[in-house]
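Per-entry structural report
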Protein chains: 2
Amino acid sequence: MLALEEKILQEGQVLDNGVLRVGSFLNQQIDVELTDKMAQEVCNIYKDEPINKILTVEASGIPFAYAVAQKLGVPMVFAKKRQAINLGDSFYKSPVYSYTYKKTYDIAVSKEYISEGDKILIVDDFLAYGKALMGLIDLVNQSDATLIGAAIAIERTSENGGNMIRSKGVRIESLAKIESIENGEIKFRH
Amino acid sequence: MLALEEKILQEGQVLDNGVLRVGSFLNQQIDVELTDKMAQEVCNIYKDEPINKILTVEASGIPFAYAVAQKLGVPMVFAKKRQAINLGDSFYKSPVYSYTYKKTYDIAVSKEYISEGDKILIVDDFLAYGKALMGLIDLVNQSDATLIGAAIAIERTSENGGNMIRSKGVRIESLAKIESIENGEIKFRH
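Since we're looking at a predicted model, the values are computed, not measured. (Residues numbered from 1 in each chain as written. Chains lettered and ligands numbered in written order. Predicted model: local features only at pLDDT ≥ 70, side-chain atom pairs only at ≥ 80, totals over all residues. Heavy atoms only, no water.)

Below, the discussion takes up the packing of helix α4 (residues 62–72) of chain A against helix α3 (residues 32–45) of chain B. Look at α4 of chain A against α3 of chain B: their axes get within 9 Å of each other, and the N-to-C directions meet at 105 degrees. Viewed along their axes, α4 of chain A and α3 of chain B adopt a mutual orientation that is roughly perpendicular. Residue-level inspection shows Y66, A69 and Q70 of chain A of α4 of chain A in contact with α3 of chain B, the latter providing V32, T35 and D36 of chain B. Here the residues of the contact of α4 of chain A with α3 of chain B sort into 3 nonpolar, 2 polar and 1 charged. (Axes fitted to C-alpha atoms, helices over the stretch in contact; angles between N-to-C directions. Helix = DSSP H or I, 4+ residues; strand = E, 2+ residues; numbered from the N terminus. Parallel < 35°, antiparallel > 145°, perpendicular 65-115°, else oblique. Contact = heavy atoms within 4.5 Å. Nonpolar A, V, L, I, M, F, W, Y, C, P; charged D, E, K, R; others polar.)

The following block contains the structure:
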């Protein structure tokens, strides 16, 4: 998606450790107009699918997921990362390893909010190693809901998480695919 | 706001410890249509104010804050609750005590995203003791931005956080004010 790629080139900051920082528009400060366009693109891509629920994980996936849910007119559910006292009695949970924080944490969602009969589109802001996405897919599978696919804002293809999950038959559509970042230069895959 | 009060009566669950659980529409599963109406109500209330940025804190404030930002056509920023490696070099932070989790944690926002000249509306889903709101106000004050006020989905007036903060001259508008919950019966203040 050209508008997103342009924004990444304009405002993305490549840190010394290779992390791409997109906090100015995607995951701390949110560019509402761009997010809205991204959501419209997701709706166009998945327009023939009978999606009735959006699933994401807190926190930075929420604005994009909300925008997609709004356009589709369906509820949005976010999995929590912490042990929460108000999750209800019963929930699905899945362990997720974070390369950012170098530890494993559980993500969890109440059984009330995803269940058999749901047709779920997972939406998230970032995909690299794919650990968060695998956790979300695990939650969907535990619930016996149907997974329609996933929509990702930025995928880093070099970490290969996306293709590893695609090879299991999961449809993943990423709005911007970053193939490499070398000497601060960002290359997209099309 | 009648539509929100009705939803609270229909779907809110009062737990044994007095916690009001609204996960089915406000803070885990999100009712997009209701959130949109709530955002419109906030815009009506603050229509004469020159707001140029929305500030909230992760995670459950984000959908409502995003919806308000969308209607106003301004960026939304969310403070993070954890130490994050991609917050950038310099950030404002403020300690917040959580009655839910019985511990103090820092909330933080990069200095890049709020600054002098900004006219900020704080948006959050819940207000009880007011600790998160005070932390957000502290971030705004540190940045020398102007605080226009706050918009809250559900305020529990019995904990008195709202009035304590109002007494310092901060404008707080809550869409539903819960005065008491006794024997599972929810009473609103108008």
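Superposing chain B onto chain A takes a rotation of 180 degrees plus a shift of 0.0 Å along the axis, which leaves an RMSD of 0.0 Å. Such a combination of turn and shift is consistent with a two-fold rotation axis. Across chain B, the rotation axis passes nearest the C-alpha of A59 of chain B, at a separation of 2.6 Å. Both copies contact each other with a shared surface, as 98% of the interface residues of chain B are interface residues in chain A too. (Least-squares fit on C-alpha atoms with pLDDT ≥ 70 in both.)

Before going further, it helps to spend a moment on a nonpolar patch on the surface. Residue and element names in this part refer to chain A. A contiguous nonpolar surface patch, about 270 Å² in accessible area, is contributed by Y97, Y99 and Y129. Examined against the element boundaries, Y99 turns out to sit in the loop between β6 (91–98) and β7 (103–110). Taking the relative accessible area as the measure of exposure, Y99 reaches 37% and is therefore partly exposed. (Patch = residues over 30% accessible without salt bridge, like charges linked within 9 Å, V, L, I, M, F, W, Y side chains within 5 Å. Areas by Shrake-Rupley, 256 points an atom, 1.4 Å probe, with all protein chains shown as cover. Salt bridge = Lys/Arg side-chain N within 4 Å of Asp/Glu carboxyl O. Buried < 20%, exposed > 50% of the residue type's maximum accessible area, 1.4 Å probe, protein only.)

Counted under the stated rule, the structure contains 5 aromatic pairs over all chains. Pairing Y66 of chain A with Y66 of chain B gives two aromatic rings, centres 5.9 Å apart and planes at 65 degrees, and the pair type is edge-to-face. You can see Y66 of chain A sitting in helix α4 and its partner Y66 of chain B sitting in helix α4 (residues 62–72), one on each of two chains. According to the relative accessible area criterion, Y66 of chain B is buried, its value standing at 0%. When the ring of Y97 of chain A is compared with that of Y99 of chain A, the centres are 5.0 Å apart and the planes differ by 90 degrees; the resulting orientation is edge-to-face. Aromatic rings pair up to connect Y97, Y99 and Y129 of chain A into one cluster. (Phe/Tyr/Trp six-rings, centres within 6.5 Å; stacked < 30°, edge-to-face > 60°.)

A separate point is the environment of L34 of chain A. Residue and element names in this part refer to chain A. Looking at where L34 falls in the secondary structure, it is placed in helix α3 (residues 32–45). Separated by 30 residues in the primary sequence, L34 and F64 place their C-alpha atoms 9.7 Å from one another. The contact partners of L34, leaving out residues within four places of it in the chain, are A3, L4, K7 and F25.

Taken together, 7 strands build an open sheet; the order of strands is β3(A)-β5(B)-β4(B)-β8(B)-β9(B)-β10(B)-β11(B) and the sheet is mixed. Strand pairing shows two members of the sheet lacking a second neighbour, β3 (29–30) of chain A together with β11 (185–188) of chain B, which therefore form its edges. By the bridge criterion, 2 bridges tie β3 of chain A to strand β5 (residues 76–79) of chain B in an arrangement that is antiparallel. Each bridged residue has a counterpart across the sheet, and for Q29 of chain A the counterpart in β5 of chain B is V77 of chain B. (Pairing = 2+ DSSP bridges.)

Time to look at the side chain of D118 of chain B. All names here are of chain B. With respect to the helices and strands, D118 occurs in the loop between β7 (103–110) and β8 (119–127). Separated by 3.0 Å, the side chains of D118 and N52 make a polar contact. In this structure D118 touches N52, K53, Y113, A145 and T146, once residues within four positions along its chain are discounted. (Polar contact = N/O pair within 3.5 Å; in protein donor to acceptor, adjacent residues only side chain to side chain.)

To continue, consider the nonpolar core. Looking at soluble globular proteins, one finds that nonpolar side chains tend to be buried together. Ranked by internal contacts, the top residues of the largest apolar core, which has 76 residues, are L4, I8 and I54 of chain A together with L4, I8 and I54 of chain B. When residues no more than four places from it in sequence are discounted, the contact partners of I8 of chain B are L20, F25, I154, A176, I178, I186 and F188 of chain B. (Core = buried A, V, L, I, M, F, W, Y, C linked by side-chain atoms within 4.5 Å.)

For side chains bearing opposite charge, pairing can occur when the charged atoms are close. Evaluation of the coordinates by the stated rule reveals 20 salt bridges over all chains. In this structure, D31 of chain B and K7 of chain B form a salt bridge, with 3.1 Å as the shortest nitrogen-oxygen distance. You can see D31 of chain B sitting in the loop between β3 (29–30) and α3 and its partner K7 of chain B sitting in helix α1 (residues 2–11), a full 24 residues away along the chain. By relative accessible area, which is 15% here, K7 of chain B ends up buried. Overlapping salt bridges, with partners in common, bring together K7, E11 and D31 of chain A in one network.

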